[in-house]
Every structure is written in structure tokens, then in C-alpha cells.
Amino acid sequence: MQNKKYNHAVEEKKISNFWIKNGSFKPKKNKKRFSMVIPPPNITGRLHMGHALNNSLQDVLVRFYRMKGFETLWQPGTDHAGIATQAIVEKKLEKEGIDKDELGRDEFINNIWKWKEESGGIIIEQLKKLGCSCDWSRTRFTMDKDLSGAVIKVFVKLYNEKLIYKDKKLVNWDTHLQTAISDLEVVQKDVQSKLYYIDYEIENLQKKITIATTRPETMMGDTAIAVNPNDKRYKDLIGQNVKIPIINRIIKIIADNYADPDQGSGAVKITPAHDFNDYEVGKRNNLEIINILEKDGKINNLGSKEFIGLDRFEARELLVKQLKDRGNLVKIETIKNKVPYGDRSNTIIEPLLTEQWFVNAKKLSIKPIKIVKDKKTSFYPNNWTKTFFQWMENIEPWCISRQIWWGHRIPAWYDEKNNIFVAENLKEAKILAKKKNKNNKFNLIQDKDVLDTWFSSALWPFATLGWPKKTKEFLKFYPTSVLVTGFDIIFFWVARMLMMGNYLNNQTPFKKVYVHALVRDEKGQKMSKSKGNVIDPLDLINEYGADSLRFTLISMASPGRDVKLAKERVTGNRNFITKIWNANNFLKMNKCSLGKKFNISSINLPANQWIYNEFVNTQNLVSKNIEIFRFDEAAKHAYQFVWHSYCDWYLEFLKPILNSKNIKDIKEVRIFSAFIMANILKILHPFIPFFTETLWSNNKFKSFFYNDLISSNWPVYKTLARFKKNHSSINNVIELISNIRSTKAELKITPKLYCDLHLPEKRGQLKKIIDENINLIKQVGRINDIKNKNFEGQNSINILVSKEKVSLRFDEDVDLLSQKQRILLKLQNIRKKIESLNNKLKNKGYLQNAPKDVVLNDKKLVKELTVEDEKLRSIVSSIN
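Residues numbered from 1 in each chain as written. Predicted model: local features only at pLDDT ≥ 70, side-chain atom pairs only at ≥ 80, totals over all residues. Heavy atoms only, no water.

J.: Sorry, what's going on with the overall build of the protein chain here?
T.: Within the protein chain, the secondary structure is distributed over 31 helices and 29 strands. Its C-alpha atoms give the protein chain principal-axis dimensions of about 110 × 65 × 55 Å. Across the 880 residues in the protein chain, those meeting the buried criterion constitute 54%. Carbon and sulfur atoms make up 49% of the accessible area of the protein chain, which amounts to about 42,000 Å² in all. For the protein chain, the centre of its 146 positive side-chain charges and the centre of its 100 negative side-chain charges are spaced 8 Å apart. (Helix = DSSP H or I, 4+ residues; strand = E, 2+ residues; numbered from the N terminus. Buried < 20%, exposed > 50% of the residue type's maximum accessible area, 1.4 Å probe, protein only. Areas by Shrake-Rupley, 256 points an atom, 1.4 Å probe, with all protein chains shown as cover. Lys, Arg positive; Asp, Glu negative; His and termini not counted. Charge placed at Lys NZ, Arg CZ, Asp CG, Glu CD.)

J.: Could you clarify how one ought to interpret the environment of Phe641 in this entry?
T.: Among the secondary structure elements, Phe641 is positioned in helix H22 (residues 631–658). Beyond its immediate sequence surroundings of up to four residues, Phe641 is in contact with Ile611, Glu614, Phe615, Thr618, Tyr646, Ile676 and Ile680. (Contact = heavy atoms within 4.5 Å.)

J.: I keep staring at unusual backbone geometry and nothing clicks. Help me out?
T.: Excluding glycine, residues mostly carry a negative phi; peptide bonds, for their part, are mostly trans. Residues Tyr380 and Pro381 are joined by a peptide bond in cis, for which omega reads -5°. Here Pro381 shows up in the loop between strand E15 (378–380) and helix H12 (383–393). A cis amide bond, omega 0°, links Tyr478 with the succeeding residue Pro479. Within the fold, Pro479 resides in the loop between helix H16 (472–477) and strand E22 (480–486). You will see that Asn204, though not glycine, has its phi angle at about 65°, which is positive. Here Asn204 is to be found in the loop between strand E7 (186–202) and strand E8 (208–213). The phi dihedral of Lys375 is positive, around 65°, even though this residue is not glycine.

J.: Is there a simple way to explain the side chain of Asn732 in this structure?
T.: Structurally, the position occupied by Asn732 is in helix H26 (residues 724–746). Residue classification places Asn732 among the buried residues on the basis of a relative accessible area of 17%. Leave out the neighbours within four places in its chain, and Asn732 touches Ile769, Val801 and Ser802.

J.: Explanation requested: the sheet that holds strand E26 (residues 755–758) in the structure shown.
T.: Sheets are built from strands that pair by backbone hydrogen bonding, the pairs being arranged parallel or antiparallel. An order of E27-E26-E29-E28 is seen for the four strands of this open sheet, with the pairing classed as mixed. Every interior strand has two partners, whereas the edge strands, strand E27 (783–787) and strand E28 (796–801), have only one. When strand polarity is set aside, the average angle formed by the axes of neighbouring strands in this sheet is 25°. Relative to E27, E26 is paired through three bridges, and the arrangement is parallel. (Pairing = 2+ DSSP bridges. Axes fitted to C-alpha atoms, helices over the stretch in contact; angles between N-to-C directions.)

J.: Where do I start with helix H9 (residues 312–325) in this structure?
T.: A turn of α-helix holds 3.6 residues, and therefore any two residues three or four places apart point the same way. Here H9 contains 14 residues, and its C-alpha end-to-end distance of 20 Å stays within 8% of the 20 Å for a straight helix at 1.5 Å per residue. Turning to H9, its buried residues are Arg312, Ala315, Arg316, Leu319, Val320, Gln322 and Leu323. The arc that holds the buried residues of H9, viewed along the axis, is 165°, so those residues lie on one side. Away from its buried face, by an angle of more than 90 degrees, H9 presents the exposed residues Glu317, Lys321, Lys324 and Asp325. Measuring from the backbone nitrogen of Phe313 back to the side-chain oxygen at the start of H9 gives 3.0 Å, which picks out Asp311 as the cap. One or two steps after H9, the chain reaches Gly327, where phi turns positive at roughly 80°. (Expected span 1.5 Å × (residues − 1). Arc of directions from axis to C-beta. Polar contact = N/O pair within 3.5 Å; in protein donor to acceptor, adjacent residues only side chain to side chain.)

J.: For this particular structure, what's the right way to read the sheet that holds strand E6 (residues 179–181)?
T.: Strands sit in the order E6-E5-E14-E16 across an open sheet of four strands; the sheet is antiparallel. If you trace the sheet from one side to the other, it starts and ends with E6 and strand E16 (398–399), each paired once. Bridge analysis of strand E5 (residues 164–174) against E6 gives three bridges, and the strand direction is antiparallel. Opposite Trp173, over in E6, you have Ala180 as the bridge partner.

J.: Help me understand the environment of Val171, please; the structure alone is not making it clear to me.
T.: If you trace the backbone, Val171 turns up in strand E5. Excluding residues that lie within four positions of it along the chain, Val171 makes contacts with Ala180, Phe276, Glu350, Pro351, Leu352, Thr354, Gln356, Phe358 and Cys399.

J.: What is the right way to read the packing of aromatic side chains from this model?
T.: The geometry of an aromatic ring pair comes down to the distance between the two centres and the angle between the two planes. Under the definition given, this model contains 49 aromatic pairs. Seen from their ring centres, Phe629 and Phe631 are 6.2 Å apart, and the 50° between their planes marks the pair as tilted. Phe631 shares its class with Phe629; the two are buried. One aromatic cluster in this structure is built from Phe598, Tyr612, Phe615, Phe641, Phe672, Phe675, Trp696, Phe701, Phe704, Phe705, Tyr717 and Phe723. The side chain of Lys100 reaches across the aromatic face of Trp405, ending 4.1 Å from its centre. The side chain of Lys597 reaches across the aromatic face of Phe705, ending 5.9 Å from its centre. (Phe/Tyr/Trp six-rings, centres within 6.5 Å; stacked < 30°, edge-to-face > 60°. Lys NZ or Arg CZ within 6 Å of the ring centre and 35° of its normal.)

J.: For this particular structure, what's the right way to read the environment of Lys373?
T.: For Lys373, the location among the structural elements is in helix H11 (residues 366–373). With relative accessibility at 51%, the residue Lys373 sits in the exposed group. Taking the C-alpha atoms as reference, Lys373 lies 9.0 Å from Phe389; in sequence the two are 16 residues apart. What Lys373 contacts, discounting residues up to four positions off in sequence, is Phe389 and Glu393.

J.: Which parts of the structure should I look at to understand the nonpolar core?
T.: The tendency in soluble globular proteins is for nonpolar side chains to be buried as a group. Counting residues in each nonpolar core, the largest one holds 208 residues, and the members touching the most others are Leu61, Phe455, Met500, Tyr646 and Phe653. Among the elements that make up this core, the one with the highest residue count is H22 (15 residues). Among residues more than four places away in sequence, those in contact with Tyr646 are Leu587, Ile611, Phe641, Leu651, Ser673, Ile676, Met677 and Ile680. Counting residues in hydrophobic clusters, the runner-up holds 35 residues, among them Ala180, Ile202, Val227 and Ile251. (Core = buried A, V, L, I, M, F, W, Y, C linked by side-chain atoms within 4.5 Å.)

And the structure:
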């Protein structure tokens with residue numbers, strides 16, 4: 001006998017072990033194939049709500065296509081997360097009193113590998129707890145030997161083909177981590193800043209020119225002041241020399257369109273070494289580039305003597321004081337502006353002139369742009385296509401070198417003359433150096449930098465399948481079918497995979513990209529520790545079960561809309577699971593089970609024919625919506641069928657039959673109710689896999705379908721024309737009973753109270769339907785008697801069913817008059833709402849600009865309110 005309550009903690013662990021032990025997630029041979037790669041979580045990571053949403057959606061797809069008979073591979077793995085991992089291990093060692101630099105590079109990397117073995121797999125175990133059906137036996141790591149080999153091979157190839165090069169450029173520099181970072185790793189924050197207006201004296205003239213800056217310390221690196229050539233105020237000053245206050249170095253006033261006459265004073269200080277825009281101005285005007293910062297953000301020896309060694313912010317404070325004392329500081333304004341922060345260190349980023357390795361992203365972006373334009377890779381929702389093009393068409397060189405130790409070390413070696421030799425290993429580098437040095441003695445030193453983590457991640461869809469070898473997995477599963485990802489890494493990762501996949505394999509790495517939104521708190525706020533609104537998915541899994549959390553996230557995953565997560569939603573979906581559990585207990589109690597095979601077309605009971613056609617409709621809607629990534633709609637249709645059609649109506653319809661003495665009907669009901677339950681478990685399996693597999697096992701459905709649920713076939717039943725009449729008939733019965741129930745609720749009459757049903761004397765379609773289902777209507781609708789004559793009088797109410805008027809007569813005295821005034825007021829409010837909505841829908845501007853789903857919802861609401869209005873008017877008109 002089944003337990004009274006479902007214990008998710010026990011069952012989820014048991015089912016997870018069962019799947020993995022049985023190899024249920026491994027690809028099963030088939031001509032049709034479906035493959036995905038997991039966005040590899042960082043080894044430093046712990047499961048957060050974004051992971052929970054992303055991986056729940058992926059799991060829906062892979063379980064769905066597995067049941068559809070596809071040979072499926074969901075490739076799992078983790079990312080080495082260069083900067084983040086190094087920072088964690090550095091802190092760990094610091095607590096132990098160990099300095100990274102004293103330890104040395106090799107020993108420090110050994111410590112990271114040890115940490116990885118101890119803690120790097122935690123998130124994989126957490127993904128298993130969520131129910132992810134990846135082929136865990138194929139779990140990869142971006143620093144695995146063969147993956148590292150692929151990374152090095154790609155670097156060498158791109159270098160030899162002049163797509164990777166070394167250059168001295170202005171880059172985003174993280175002074176805390178002391179490494180370059182890419183534009184995408186910079187977060188622009190809105191902050192309150194001070195804008196300093198400073199006078200520069202014009203040489204040989206009794207004049208001053210005022211500039212405005214938020215970073216006065218960079219004055220030490222100024223090499224010009226720019227004014228717009230069309231700015232009449234400064235036309236006569238172009239070419240004049242000015243003296244930088246305090247620094248006392250002479251620079252020129254130049255003409256450049258970068259200077260905006262309407263911004264500040266219209267004059268701009270140009271510091272090519274410390275500002276990206278100034279750098280471009282400097283190149284155009286052949287200005288000197290003076291870098292005044294060390295890599296830790298302190299003033300170097302090119303700065304003024306008294307500032308050397310000071311942190312840039314300390315230097316700013318001292319400089320401002322001196323400018324004020326000397327009368328050069330005109331004023332200070334408080335402004336709101338954007339300041340660049342490193343996404344890892346959360347410290348202010350400095351533009352810094354350094355030598356780095358770059359990828360020619362412009363050239364690599366040509367194929368991906370064409371691929372997306374030709375729809376060989378499509379974005380869902382489609383609006384992300386436009387964003388993709390905007391970014392790709394304005395792409396800058398990609399800085400791929402990082403000044404840290406953990407990661408793929410750049411395969412470049414230098415001789416004493418600073419010649420560069422790029423090769424897959426030292427042996428090959430020596431061969432190149434030997435040719436260059438004409439067999440003279442030389443000594444090679446490898447580049448100390450490592451590659452940007454996203455460089456190796458860009459190879460993920462094919463390197464994990466064994467590339468550059470043409471393995472059977474690569475030949476079978478590349479290109480992959482779909483990528484599911486958050487919008488925040490479209491350019492970090494998606495664009496770069498498209499670049500590398502198309503360039504190296506001449507094939508797009510995935511045919512479809514589904515982009516999901518963020519998970520926010522119930523008020524729509526972004527979750528953050530500082531706000532105290534972070535919801536830990538593991539807490540919810542422990543309390544409510546993985547299935548409850550999954551179903552909540554999936555059912556709220558509407559395209560383009562952030563998920564506003566409230567704990568109550570998870571509770572509601574746990575109740576959904578409990579309802580199915582209780583429904584299954586009802587079947588068990590009534591000895592409903594699947595025995596011998598039966599022919600669906602032989603089913604005769606109207607209720608069974610109705611639930612079958614309802615199921616087929618639901619099965620088709622769920623399938624269609626999963627295929628087009630409308631996970632929310634798929635979940636909604638499954639939920640409505642199970643909760644309303646099956647549990648609320650069908651099981652109620654079975655009770656009169658099960659309580660009868662008709663052996664034939666009872667036998668049909670027992671088999672068919674279990675058959676529909678089995679198929680409910682099938683369509684719910686991609687959403688709530690643990691619970692459905694548990695019930696499947698408990699009900700011994702494997703003996704009927706010959707498979708565990710995870711390996712069973714997705715239902716593809718077809719509606720039967722013979723069932724159509726009874727399907728329509730039962731829908732009318734439901735409408736009648738629903739109207740009786742809602743009328744009682746409207747009149748505040750207890751639902752348990754029985755009444756008589758009076759039909760019009762003229763025989764209509766409704767009368768025929770009632771005659772055919774009389775016992776069912778009496779029991780489920782709580783009807784004493786059904787009479788074929790009109791009745792109007794005390795304790796009677798008229799209601800509309802399928803546009804036919806019928807009367808309800810209550811035996812007990814019911815105070816209807818007291819309800820009349822309240823219903824009349826309700827009718828007034830309904831009319832106002834209908835009028836307001838109709839006015840809105842007549843507005844052409846609203847129809848053109850409002851989202852389509854909002855307009856459709858308004859139209860649907862008008863229809864519902866109109867039906868409600870007719871129903872209430874019928875009730876009111878019959879109250880005397």
C-alpha cells in the first residue's frame with residue numbers, strides 16, 4: 001500500500017541513484033539525435049537560482065527528446081574560472097600564513113588542483129540533486145589534459161593565421177587583481193562623483209582655460225587640451241601652449257571633434273595613457289603617451305615627485321588640496337556618472353597601457369553574423385538577434401591575456417632578443433628558435449600570462465566531444481541542437497562559441513539559442529546579499545523538493561520576462577504534487593491498475609472518452625510548446641489538465657460508477673483511469689522527474705509499458721472521432737455543474753445543499769445530454785430530482801447553460817432577496833469594467849503599441865466579463 005505522504009527527501013535521493021546506476025542518462029542509439037552542452041558552471045560556484053532555472057529548462061528539453069526516441073546527449077562539465085579560483089585559493093593560503101609569491105607558481109597551481117579535487121565538484125552534486133539528466137560519466141573540465149591540448153592547438157593555429165597577435169594597447173586594468181580584463185568583464189556603475197573645474201594657464205597670455213575632470217590625478221599624464229574646431233570661444237587659442245598646474249609641464253591646445261562645446265567648459269584635457277577616448281585622440285594627433293600608474297594603481301616615477309608611490313586616490317586628494325591652495329581649483333560639482341568596476345574584484349578599473357595578446361574578433365565575427373542572418377543559428381526570443389548584431393558589428397579586438405597563474409598558459413616563448421616563438425610545446429618552440437637563431441645558442445622563457453577563461457569556454461561545444469579528433473561523439477552530436485543560456489553571457493560566451501565553432505569547424509556550434517531571463521525576488525528586485533533577498537535553491541529543495549522548485553521556475557519562464565519568485569509559488573506547486581499523490585491513492589483504494597493490454601477504441605463510457613480526448617489535446621499542446629521553448633505554456637497546459645480535468649472532474653465522475661454494481665463499467669474505469677494516470681506521469685516527467693518516476697515505479701507501470709519512465713515513449717495518441725460526441729456532451733455537463741456551483745457560491749448557499757433541476761418543457765439539446773448522463777449529474781451536481789417543467793417561485797433561481805434557461809429549486813428556505821442588491825452592485829462594476837476595456841480596445845494607439853499578449857488578455861477578459869454579466873442578470877431577474 002502506498003504511503004499517505006510523499007517523502008521527497010527519501011525518494012529524490014533513491015531515484016537519482018537509480019538513474020545513474022542504470023545508465024539512464026547515456027545516449028541510446030537512434031538515427032534521430034538531440035544534443036546540448038551545459039553552460040559549464042565555475043568550479044568555485046554553488047547552485048544559485050540562475051543555475052536552477054537554466055538547468056531545469058535544459059532538463060525539460062533533454063528528457064522530452066529522450067522520450068521522443070532521440071539519441072540524446074547532454075554534455076556536462078565545469079569551468080576552471082581563472083580569476084575567481086585563484087582568488088579563493090590565495091585567500092585560503094593567506095589564512096594559513098602562506099604567501100603565493102613565496103610559494104612559487106608551480107606549487108601554487110598544485111594547491112589549486114588539490115582544492116579542486118576537494119571542493120570543485122560540489123556544484124555537480126548540486127545539479128544532480130536538482131534532477132539534471134546529463135551523462136555524468138562524460139563530465140569534462142576546461143583544464144582536462146585533452147581540452148587543454150585543444151586550447152593550445154587553437155591558439156597556435158590562430159597565431160599562425162595572423163588572427164592572434166601581441167600589441168601594446170590601452171586595456172581595462174584591474175589594480176586589485178593586477179590583470180587585464182575584457183570589456184565584458186567591466187560593470188558600469190552609476191555613482192555619485194565629484195567634477196573638478198581646473199584652470200590651466202595659457203603661456204604668454206594673461207588668460208586661462210578651464211577644463212572639467214572627475215580624475216584630476218591623471219593631469220600628470222596630460223599631453224594636450226582639446227577644443228572643438230567650430231567652437232568660436234577657443235578658435236584663437238588653438239596651437240597655444242598651456243602649463244599644467246602643479247606639474248608645470250607645457251602642453252598644446254589642439255583642435256579635435258571629440259571636444260563637445262556643450263559639455264562642461266567645452267575644453268577637454270587629453271590623457272592618452274589613461275582614457276580610451278583620449279587614447280584615440282592621441283593617436284589622431286600624434287600625442288605623447290605618458291603612463292603615470294603602476295600596475296597596483298600607485299603613481300609611478302613618471303608622475304610628479306611628491307606623488308610617486310601614493311595610491312591614485314590619495315594622490316587625487318593631495319592634488320586637489322594643492323590646486324585649491326594655489327587658486328587653480330575653480331569649483332567642485334557633485335554629479336551622477338558611470339564608473340567602471342571589475343566584475344570579480346568590485347574595484348574601480350583603470351585604463352592602462354600594457355602589452356597584451358589580442359584576437360582579431362572583427363574578422364572572426366564575419367561568419368557568425370552571416371550564420372545568424374541566414375538563420376542557420378536562430379535566437380529565441382527573436383529580439384536577441386538584433387542585440388547580437390549590434391554587438392558583433394561593433395566588436396573590438398578581444399584581449400585574451402591575463403596576468404594570473406591559474407589557467408592555460410600562453411604557448412609563446414621568448415629568446416634573449418625578445419623574438420616570439422608560438423608553438424604547442426617547448427620542443428616545437430626550440431625548433432622554431434633554432435631556425436631563427438641560425439643554430440646559435442639561445443635560451444627560451446615561456447610567457448607568464450594565461451588565457452582568458454572565455455577563450456577555452458569558446459571551444460566547449462566541440463572540445464568536450466573530443467575535437468580536434470573526429471571522434472564518434474563529435475561526428476554524431478556536433479553541431480549541437482540547442483543552447484540554453486542567460487542573456488548576461490550572450491557576448492561573453494555565445495558569440496565567442498559562434499566565432500570559434502564556425503572558424504575552426506566551418507559549422508555553427510548550435511542551431512538554436514534559447515535565452516532566458518533573470519530570477520528576481522517577488523517584488524522584481526535583483527537578488528543580492530546586500531539586499532538580503534537571496535533565495536537559496538538548495539533550501540527550497542530541502543524544504544519542498546526539487547520537483548516543486550523546478551515546476552515553479554519552469555511555469556514562470558515566459559520569454560523576455562524575468563521570473564519573480566515567491567516562496568508561496570513553490571508551496572503551491574508542492575500542493576500540485578500532493579494532489580497527484582492523493583489522486584493516485586484514490587486509484588489504489590479503488591483497485592485501479594493496468595493489467596492486460598486493451599484497445600482504446602473499445603472504450604465506451606462517456607467520461608473515459610472525454611478524458612481521453614482531453615488528454616490528447618493536452619499532450620499535443622505540451623509537445624508543441626516545449627518544441628518552441630514556451631516552457632511556461634507547456635507547464636500551464638499540463639497543470640490545468642491534471643488539476644482540473646483529471647482530478648477535479650474525471651475522478652468525481654468515476655465515483656458514481658465505482659459505487660455502482662455495473663461490473664463491466666467498473667472494470668473499464670479501473671483500467672482506463674490508471675492508463676490516463678500513467679500518461680499524466682509521462683507528460684509531467686520532463687518537469688517533475690523524481691516524483692513521476694517514483695509513482696511509475698510504485699504503480700508497476702513498467703510491466704505494462706516495458707520501460708522505466710525516463711526511457712518510456714512520449715505519448716503520441718490521436719483523438720478518436722467516435723469519442724467526439726461524448727467529449728462535447730461531458731463538456732456541457734461540466735458547464736451545467738459549474739454553473740450550479742458558482743450560483744450557490746454567488747448566493748452564499750452552502751455547496752453541500754441539494755436542489756431540484758427544472759428544465760424547459762420544450763425538449764432541447766441540453767435535455768438530451770442530461771438524460772444521457774443523469775446519474776452522473778445528480779451525484780456530482782448534488783441534484784435531488786430533474787423535472788421536465790418550468791418552475792418559478794420562492795427558493796428558485798434561473799441560470800443559463802449553453803444559452804438555455806434552467807431553474808434551480810432549493811427545498812430549504814434560502815434568503816435570496818438579501819443577495820439581490822449585492823449582485824446588482826456587482827453588475828454595475830462589471831459593466832464599468834467592460835466599458836473601460838472596450839474603450840481601450842477601440843484606441844488604435846493602444847492596439848499598435850501594447851504587447852500582443854496584453855491586448856489578447858484584455859479581449860479575453862471582455863468575453864469572460866460578458867458571460868459573467870449574462871449569468872448574474874439571469875439570477876437577478878429570477879429573484880422576486
